[in-house]
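Close look at the chain arrangement
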Amino acid sequence: MITAERKPLEEIIACVAPFRKVLLVGCNECVTVCAAGGRKEVGLLASGLHMALLQQGKSVEIREHTLERQCDPEYVEELNSLIDGADAVLSMACGCGVQTIAGRYKDKPVFPAVNTKFMGASERQGVWAERCQGCGNCLLGQTGGICPIARCAKRLMNGPCGGSTKGSCEIDPDTDCAWQLIWDRLKALGLTENYVEMIPAKDWRTSIGNGPRKIIREDLAE
Amino acid sequence: MKTDSKLEKILAAGHLAVTGECGPPRGCMPDKVREKAKYLEGVVDAVNITDNQTAMVRMSSFAASVIVKQEGLNPLLQMVSRDRNRLSMQADIIGAYSLGIDTMLCLSGDHTRFGDHPMALNVHDLDSIQMIKMVKDMRDEGKFQGGAEIKGAPKMFIGAAANPFADPFELRVMRLAKKINAGADFIQTQCIFNVPKFEQWMEGVRKMGLHKKTYILAGVTPMKSVGAARFMQKRVPGMDVPQELVDRMASVPKEEQAEEGVKICVETIQRLKQVEGVSGFHIMAIEWEEKVPEICERAGLLPRPQV
Ligand code: SF4
Ligand code: SF4
């Protein structure tokens, strides 16, 4: 899923303070799961903003609404009845959701209330970690199901570097060395000969090297 | 002979090669480079010019290599994949070769987190092994990495690094094999303090016959003080400084520690000379270049052979 973290309150206040009526919009998908921008966080942020703004002697009317999926235009239509009453939109969705709203309501300023972080998985309660950088040509089959692009600090496709120490990455003892993990998995799978093959230079066109990417499914596209 | 590199000639003739290191200054001080080069003249066969080492901005390896070349020494251009993409790498390789630089070392580089620009983006378009392959294809196939033909291909003698002390140990020989398959003509190792562990690694290297496919230069570093020894032991990732060496440095008075460090370095070289498959030494006297002539002298590495 896509993970996010709420921005500091002061930064959010600076965005909304010039407006009288703000529509605060959450999302029921990833940001709900990582507890950054779901219905609950929308409520918490609304009351936090109220209090802080009151203390500053300002009054901003905040309307709350949480969409099923903010990156989906179909669901964003739900805001039609609320948008006219708002001077600005504050979105708690990931960057994709924020942009869907900006694209739909061209004359409304929209501000992000969260920092979108990475594609990750839950490691344990309250901990999420990066797992994929969407390179567009997945190597996991060769690397024992561990991603060297998202999880090696140097994106080495033929690691480990000379800094790998007792299972940890050279940058930080609390970060696993991806290549130690890959090696352990290849051993467990009896696939150590995979390691000997050099993974050739990556074609980054499937990734960030070729401008904004798009998927067009002819069978589904209207 | 694959190249005109002096280092290749020395190694091919069966001599023990000696390389040194010069870290370029953090500013426009070409005289600093000349001064460091002077200490190494006639003492080493090639001088590694580091590339933004420890992720701190310095005079470029390319520019400092040119200065060293003008002084009559043989620069060994280091290149890290951290700071440039494949276009920039190939452009620099062609430029360097056009100015008479024919020997290089392909590295991934320390992470930016360790340097003075931790906010910078790490490039890593290629990793060090893919870089080796690119330089080899430029030389042997006359092809750019993108596939087009090069008119006037650079003939680089290609080096790579190996760290026998990093984890997982069992992978370290295999990773060396990968670098050799990619095209590494010679290897410079991480500083060796733990000689038994290095010998164990070399045993694995010999078992796979890798010492016959590449030249292995054993890396050594003289310790200036017990403080430096402790720093390397505790703070430098992938460095293995045995406690007994730290204790030995601590056992002599402060003003004699530098001499003790040099003594340990010379003893290490003598021991490593006995290890089958070691083709030479890479002496990394960091900010202590003036000691290299003495170390080489005492280790019986002088005079350097003429080839
Ligand atoms: S190899 Fe690419 S697609 Fe696969 S997990 Fe890694 S970044 Fe994601
Ligand atoms: S220590 Fe491991 S994860 Fe960290 S940069 Fe090196 S190979 Fe990558």
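Everything quoted here is computed from the prediction, not taken from an experiment.

**Concerning the site of ligand 1**
Taken together, A:Arg131, A:Cys132, A:Gln133, A:Gly134, A:Cys135, A:Cys138, A:Leu139, A:Leu140 and A:Cys147 make up all the residues around ligand 1. Broken down by class, the residue content of the shell around ligand 1 amounts to 6 nonpolar, 2 polar and 1 charged.

**Comments concerning the pairing of strand β7 (residues 215–220) of chain B**
Residue and element names in this part refer to chain B. Across the 6 residues that make up β7, a large majority, 5, are buried. Two strands pair when backbone bridges link them, and strand β6 (residues 186–191) and β7 are joined in this way by 4 bridges, in the parallel orientation. Paired with isoleucine 187 across the bridge in β7 is isoleucine 216. Crossover β6 to β7 through helix α7 (residues 195–207) is right-handed. Where β7 and strand β8 (residues 278–283) come together, 5 bridges link them in parallel fashion.

**Overview of the site of ligand 2**
Lining the immediate surroundings of ligand 2 are A:Cys152, A:Ala153, A:Lys154, A:Leu156, A:Pro160, A:Cys161, A:Ser164, A:Cys169, A:Glu170, A:Cys177, A:Ala178 and A:Trp179. Residue composition of the shell around ligand 2, grouped by class: 9 nonpolar, 1 polar and 2 charged.

**Here's the deal with the sheet that holds strand β2 (residues 21–27) of chain A**
Residues and elements named next belong to chain A. On the basis of which strands lie adjacent, the open sheet formed by 4 strands has the order β3-β2-β4-β5 and parallel pairing. The sheet is open, and its two borders are formed by β3 (61–67) and β5 (110–112), each paired with just one other strand. Along the sheet, successive strands turn relative to each other by an average axial angle of 25°, direction set aside. One ladder, built from 4 bridges, connects β2 with strand β4 (residues 88–91); its direction is parallel. What sits directly across from leucine 23, in β4, is valine 89. In the packing of helix α6 (residues 95–104) onto the sheet, the strands contacted are β2, β4 and β5, and the crossing angle to β5 comes to about 175°.

**Examining the UniProt feature "domain: Methylene-tetrahydrofolate reductase C-terminal-like" (unreviewed entry) in chain A**
When the UniProt feature table is mapped to this numbering, "domain: Methylene-tetrahydrofolate reductase C-terminal-like" (unreviewed entry) covers residues 111–205 of chain A. Between the C-alpha atoms that bound residues 111–205 of chain A there is a distance of 31 Å. The span itself is 20% helix and 27% strand.

**Topic: the interface of chain A and chain B**
Every contact between the two is made by 29 residues of chain A and, on the other side, 30 residues of chain B. Both sides of the chain A and chain B interface together cover about 2,600 Å² of buried area, and 54% of this is carbon and sulfur. Applying the counting criterion to the chain A and chain B interface returns 1 salt bridge. The partner of A:Lys187 in a salt bridge is B:Glu170, with the nearest N and O atoms 2.6 Å apart. Linking chain A to chain B there are 25 residue pairs in polar contact (both at pLDDT 80 or more).

**A short note on the packing of helix α5 (residues 128–140) of chain B against helix α6 (residues 169–182) of chain B**
Residues and elements named next belong to chain B. Between α5 and α6, the shortest axis-to-axis distance is 8 Å and the interhelical angle comes to 25°. Classified by the angle between their axes, α5 and α6 sit roughly parallel to one another. From α5, Ser128, Ile129, Ile132, Lys133 and Lys136 reach across to α6, where they touch Arg175, Lys178, Lys179 and Ala182. Residue classes in the contact of α5 with α6 are distributed as 3 nonpolar, 1 polar and 5 charged.

**Here we look at the domain arrangement of chain A**
A common way to report how large an interface is uses the accessible area buried once the components associate. The domain boundaries assigned to chain A delineate domain 1 (2–118) and domain 2 (133–210). Each of domain 1 of chain A and domain 2 of chain A was reduced to a C-alpha centroid, and the two centroids are 37 Å apart.

**Some thoughts on the side chain of B:His282**
Residue and element names in this part refer to chain B. Secondary-structure assignment places histidine 282 in strand β8. For histidine 282, a relative accessible area of 3% corresponds to the buried category. In terms of polar contacts, histidine 282 uses its side chain to reach the side chain of glutamine 188, at 3.4 Å. When neighbours within four sequence positions are excluded, histidine 282 is seen to be in contact with Thr19, Gly20, Glu21, Asn48, Gln188, Leu217, Ala218, Gly219 and Val220.

**Observations regarding the sheet that holds strand β4 (residues 103–107) of chain B**
Residues and elements named next belong to chain B. With respect to topology, 8 strands assemble into a closed barrel ordered β1-β2-β3-β4-β5-β6-β7-β8, the strand pairing being parallel. The sheet shows a mean angle of 30° between the axes of neighbouring strands, taken without regard to direction. Of the strands in this sheet, β5 (157–162), β6, β7 and β8 touch α7, which is tilted by about 170° from β7.

The rules we used
- Residues numbered from 1 in each chain as written.
- Chains lettered and ligands numbered in written order.
- Predicted model: local features only at pLDDT ≥ 70, side-chain atom pairs only at ≥ 80, totals over all residues.
- Heavy atoms only, no water.
- Near = heavy atom within 4 Å.
- Nonpolar A, V, L, I, M, F, W, Y, C, P; charged D, E, K, R; others polar.
- Buried < 20%, exposed > 50% of the residue type's maximum accessible area, 1.4 Å probe, protein only.
- Helix = DSSP H or I, 4+ residues; strand = E, 2+ residues; numbered from the N terminus.
- Pairing = 2+ DSSP bridges.
- Right-handed = clockwise from strand over helix to strand, strands pointing away.
- Axes fitted to C-alpha atoms, helices over the stretch in contact; angles between N-to-C directions.
- Contact = heavy atoms within 4.5 Å.
- UniProt positions renumbered as here; feature names shortened; annotations may be inferred.
- Buried area = accessible area lost by both parts, 1.4 Å probe.
- Salt bridge = Lys/Arg side-chain N within 4 Å of Asp/Glu carboxyl O.
- Polar contact = N/O pair within 3.5 Å; in protein donor to acceptor, adjacent residues only side chain to side chain.
- Parallel < 35°, antiparallel > 145°, perpendicular 65-115°, else oblique.
- Domains from an automatic or database assignment.

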